[in-house]
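Single-letter residue listing:
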Amino acid sequence: MTQNRCVGTVWRATAPVLVVHGGAGRIVPEELSAARAAAARRGLRQSLAAGMTVLRDGGSALDAVIAAVLVLEDDEQFNAGRGAVLTAAGGVEHDAAVADGATRRAGAVTCISGVRNPVLAARAVLERTPHVLLSGAGAHELARREGLALVPVDWFVTARRQQQLTGIQARPELTGGTVGAVALDVAGHLAAATSTGGTTGQLAGRVGDTPLIGAGTWADDRSCAVSATGDGEALMLSVFAHEVDALVRLAGLSLGAACHQALRETEARAGTGGCIAVGPDGTVAMPFTSAGMFRGAIDATGDPRIGMFAEDTEC
Ligand code: ASP
């Protein structure tokens, strides 16, 4: 099997650290218009700013990743919240998860379609229930009880996603657009959050890797926080995020090497993708085997770094 190039930088950041992604996929300079590239860059910067404000004020990694993902869910160019991709039936089904490295607990929702910000519903599962994953009507009812903003399903549907579903766009879409964040706060705690509409034209009821703790989302203060994106079925079959954790914690690999090896396991299951990851020592890894990945990072010392293409070496 030919291996895709696995690129993306690994660097040592200074706490607090925040890393975000806006999805992996066929993101190449020839196919991304200047306008869309600028919009993606703007969205990633705003997300980093929102999460970093929390971290600089001494807030928790969990609060920071949720603040960062909220911005991307509300930005309709990404595949989460409003602007998420549509199912084969033309519906919207959101998946989201949050993981808290300090407590090693997590919360997630799947197949919901009326909660404005799915990441807040995932947080409600973590903080307000004894469960880890709630689906459909039950998750929606929890969100209602918690007073989260509810919107009609039509509110999520954009013309661009309708055109993408019916295949009438002049050019196939770039795919990707799932969003995620990982953070290390000043107290040394890690957290991760991921949110998605899944894949264009997926069967109604399909669940991807995002809300499956250990597949698309993971955080454990002993090892790493990980948010994945890409071919969900392959990420699930390789239990991707927990594979990264296990390679760091049990096999003693560096975070960068662990991410690369886990992506190879995903590739062996016929999938490409990428992830963002941060360790307790501030090591940041953001590798991908897809053509590109929307990504950004910031730490205590520097300006935000943004990357999209394989050629972007800054990030
Ligand atoms: N991993 C997501 C899913 O399969 C999709 C993506 O990241 O683009 O639901």
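Attention here is on the structure that accompanies the text. (Residues numbered from 1 in each chain as written. Predicted model: local features only at pLDDT ≥ 70, side-chain atom pairs only at ≥ 80, totals over all residues. Heavy atoms only, no water.)

**Observations concerning the sheet that holds strand 4 (residues 105-112)**
Point 1. Strand order in the open sheet formed by eight strands is 5-4-3-7-6-2-12-13, with mixed pairing between adjacent strands. Two strands bound the open sheet, and with one partner strand each, they are strand 5 (133-135) and strand 13 (305-309). Along the sheet, successive strands turn relative to each other by an average axial angle of 10 degrees, direction set aside.
Point 2. Strand direction decides the pairing type here: strand 3 (residues 94-100) and strand 4, joined by six bridges, are antiparallel. Residue pairing for strand 4: Ala 99 is matched across the bridge by Ala 106.
Point 3. Packing of helix 1 (residues 34-56) onto the sheet brings it into contact with strand 2 (17-25), strand 6 (179-184), strand 12 (292-298) and strand 13, and relative to strand 2 it is tilted by some 150 degrees. (Pairing = 2+ DSSP bridges. Helix = DSSP H or I, 4+ residues; strand = E, 2+ residues; numbered from the N terminus. Axes fitted to C-alpha atoms, helices over the stretch in contact; angles between N-to-C directions. Contact = heavy atoms within 4.5 Å.)

**Examining the pattern of salt bridges**
Point 1. What the rule picks out here adds up to 14 salt bridges.
Point 2. Among the ionic pairs, Arg 26 bridges to Glu 31, the shortest N-O distance being 2.3 Å.
Point 3. Given a relative accessible area of 32%, Arg 26 falls into the partly exposed group.
Point 4. Taken together, the shared-partner salt bridges connect Asp 63, Arg 123 and Glu 127 into one network. (Salt bridge = Lys/Arg side-chain N within 4 Å of Asp/Glu carboxyl O. Buried < 20%, exposed > 50% of the residue type's maximum accessible area, 1.4 Å probe, protein only.)

**Some words on a nonpolar patch on the surface**
Point 1. Taken together, Val 132, Leu 133 and Ile 213 make up a surface patch of nonpolar side chains, about 210 Å² in accessible area.
Point 2. Residue Ile 213 is classed as partly exposed on the basis of its relative accessible area of 31%. (Patch = residues over 30% accessible without salt bridge, like charges linked within 9 Å, V, L, I, M, F, W, Y side chains within 5 Å. Areas by Shrake-Rupley, 256 points an atom, 1.4 Å probe, with all protein chains shown as cover.)

**Details of the packing of aromatic side chains**
Point 1. Taken as a whole, this structure holds two aromatic pairs when the rule is applied.
Point 2. Ring geometry for Phe 78 versus Phe 294: centroids 6.3 Å apart, planes at 85 degrees, classification edge-to-face. Remark: Phe 294 occurs in strand 12 and Phe 78 occurs in the loop between helix 2 (61-74) and strand 3; sequence separation between them is 216 residues.
Point 3. Measuring from centroid to centroid gives 5.2 Å for Trp 155 and Phe 156, while their planes differ by 80 degrees, and the two rings are edge-to-face.
Point 4. We classify Trp 155 as partly exposed; its relative accessible area is 27%.
Point 5. Above the plane of the ring of Trp 155 lies Arg 82, whose end atom (NZ or CZ) is 5.8 Å from the centre.
Point 6. Arg 305 extends its terminal NZ or CZ atom over the ring of Trp 11, reaching a point 3.7 Å from the ring centre. (Phe/Tyr/Trp six-rings, centres within 6.5 Å; stacked < 30°, edge-to-face > 60°. Lys NZ or Arg CZ within 6 Å of the ring centre and 35° of its normal.)

**Topic: the pairing of strand 9 (residues 224-230)**
Point 1. Burial runs high along strand 9: six of the seven residues are buried.
Point 2. As paired elements, strand 8 (residues 217-220) and strand 9 share four bridges and run antiparallel to each other. When the sheet's bridge partners are listed, Thr 217 is paired in strand 9 with Ser 227.
Point 3. Direction of pairing for strand 9 relative to strand 10 (residues 273-278): antiparallel, over a ladder of six bridges. Opposite Ala 225, over in strand 10, you have Val 278 as the bridge partner.

**A short note on the site of the ligand**
Point 1. In the vicinity of the ligand, ten residues are found, and the nearest of them are Thr 178, Arg 206, Asp 209, Thr 229 and Gly 230.
Point 2. Within the side chain of Asp 209, a nitrogen or oxygen atom sits 2.6 Å from a nitrogen atom of the ligand.
Point 3. In isolation the ligand offers 270 Å² of accessible surface; the protein chains occlude 96% of this area.
Point 4. Considered class by class, the residues forming the shell around the ligand number no nonpolar, eight polar and two charged. (Near = heavy atom within 4 Å. Polar contact = N/O pair within 3.5 Å; in protein donor to acceptor, adjacent residues only side chain to side chain. Nonpolar A, V, L, I, M, F, W, Y, C, P; charged D, E, K, R; others polar.)

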